[in-house]
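Read off the chains here:
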Amino acid sequence: MPRSLPRALLAEARPKQWIKNLLVFAAPAAAGVLDEPAALAQAAAAFCCFCLAASGTYFLNDAADVEADRLHPKKRFRPIAAGEIDLTLARVLGVGAIVASVLLALLVNWHLAVTVGAYVALTTTYSLWMKHVAVLDVVGVAAGFVLRAIGGAAAVDVPISDWFFIVASFGSLLMVVGKRRAESEEMGEAAAEFRPTLG
C-alpha cells in the first residue's frame, strides 16, 4: 500500500540513520565538557546540522540512483524508487536541507560551518564520482563518519587527539568494509548491477 506524501518524506529522510550523527558527541565527551550547558547545546546543534545534511544527501543520492535502487530487493521499496516522491521534489528538498544545515552550523560557529560544508562537499563528490571507484567508495563513506566526529569537536571548540582521530578513522573503515561485504553476499552475482564497485 503506497504511503502518504508526509510519511514517504519522513521515510526518505531516514531518521533511523540519524543515530550515526551521535558521533558529534564523541569528542566533547572525551574532553569532559558535556556537563556544561553551553557545550551540550553546541553539540546538540551539531547533531541537528548533520541530520539535516545527511537527510538532504539521502534525497539527492536516491534521486540520482533511482534506477539502480529499483533493481535492489530492499531498496526498491524506498519512497523515491517506489515512485512515492516526485524526483523534482526530492531534489528541491535535498538541496534545501543541505543549505539549512550549513546556515544552522554558521549560527554555532564558522568552524562547524566549514566542517558541515566539507561533509556536504564529500557526500556530493561521493554521489557523483567516488561511489563508482572501489577503494574511494569505502574511503568516502568512512570519511563521512570521521567528519561527524570532527564536527562535534569544532562545535564545542575542543582539540582532537591523534589517537582519537586514528580510532575514528579505522573504526569507520572497518564498518564500511563490513557493510559492502554484506551487500555483496546478499546480492550475489547481481551485486555489480546494483553497485558497480561490488564487481
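We now turn to the structure provided with this report. (Residues numbered from 1 in each chain as written. Predicted model: local features only at pLDDT ≥ 70, side-chain atom pairs only at ≥ 80, totals over all residues. Heavy atoms only, no water.)

Right, let's get into the nonpolar core. Membership of the largest hydrophobic core comes to 26 residues, with the highest contact counts inside it found for F50, A105, L112, V116, Y119, V156 and V158. At the level of elements, helix 3 (37–64), helix 5 (87–108), helix 6 (110–128) and helix 7 (134–156) are the ones that each hand at least two residues to this core. In terms of residue count, helix 3 provides more of this core than any other element does, eight residues in total. In this structure F50 touches N21, V24, L112, T115, V116, Y119, L147, R148 and G151, once residues within four positions along its chain are discounted. (Core = buried A, V, L, I, M, F, W, Y, C linked by side-chain atoms within 4.5 Å. Buried < 20%, exposed > 50% of the residue type's maximum accessible area, 1.4 Å probe, protein only. Helix = DSSP H or I, 4+ residues; strand = E, 2+ residues; numbered from the N terminus. Contact = heavy atoms within 4.5 Å.)

Considering all chains together, one arrives at two aromatic pairs under this definition. Where F25 meets F47, the ring centres are 6.2 Å apart and the plane angle is 40°; that geometry is what we call tilted. You can see F25 sitting in the loop between helix 1 (5–13) and helix 2 (26–30) and its partner F47 sitting in helix 3, a full 22 residues away along the chain. Ring centres of F50 and Y119 lie 5.3 Å apart, and the angle between their planes is 75°; this geometry places the pair in the edge-to-face category. Taken together, the residues F50 in helix 3 and Y119 in helix 6 connect sequence positions 69 residues apart. Comparing F50 with Y119 shows no difference in burial state: the two are buried. Across the ring face of Y58, the terminal group of R14 is positioned such that the distance to the ring centre comes to 4.3 Å. One Lys or Arg, R148, reaches over the ring of F145 and ends 5.1 Å from the middle of that ring. (Phe/Tyr/Trp six-rings, centres within 6.5 Å; stacked < 30°, edge-to-face > 60°. Lys NZ or Arg CZ within 6 Å of the ring centre and 35° of its normal.)

Quick look at the state of the cysteines now. Applying the stated rule across the entire model yields zero disulfides. Left without a disulfide partner, C48 is nearest to the cysteine sulfur of C51, which lies 6.3 Å away. Judged by relative accessible area, C48 falls into the partly exposed class, the value being 39%. The closest cysteine sulfur to the non-disulfide-bonded C49 is located on C48, 7.0 Å from its own sulfur. Judged by relative accessible area, which is 0%, C49 ranks as buried. (Disulfide = S-S within 2.5 Å.)

Checked against the element boundaries, E12 lands in helix 1. Setting aside chain neighbours within four positions, we find E12 in contact with Y58, F59, D62, R78, P79, I80 and I85.

Attention now goes to the packing of helix 3 against helix 5. It is at 8 Å that the axes of helix 3 and helix 5 come closest, and there the two elements cross at 160°. Judged by the inter-axis angle, helix 3 sits roughly antiparallel to helix 5. Between helix 3 and helix 5 the crossing geometry is left-handed. Of the residues assigned to the contact of helix 3 with helix 5, the class counts are 18 nonpolar, five polar and one charged. (Axes fitted to C-alpha atoms, helices over the stretch in contact; angles between N-to-C directions. Parallel < 35°, antiparallel > 145°, perpendicular 65-115°, else oblique. Left-handed = near helix turned anticlockwise from the far one by under 90°. Nonpolar A, V, L, I, M, F, W, Y, C, P; charged D, E, K, R; others polar.)

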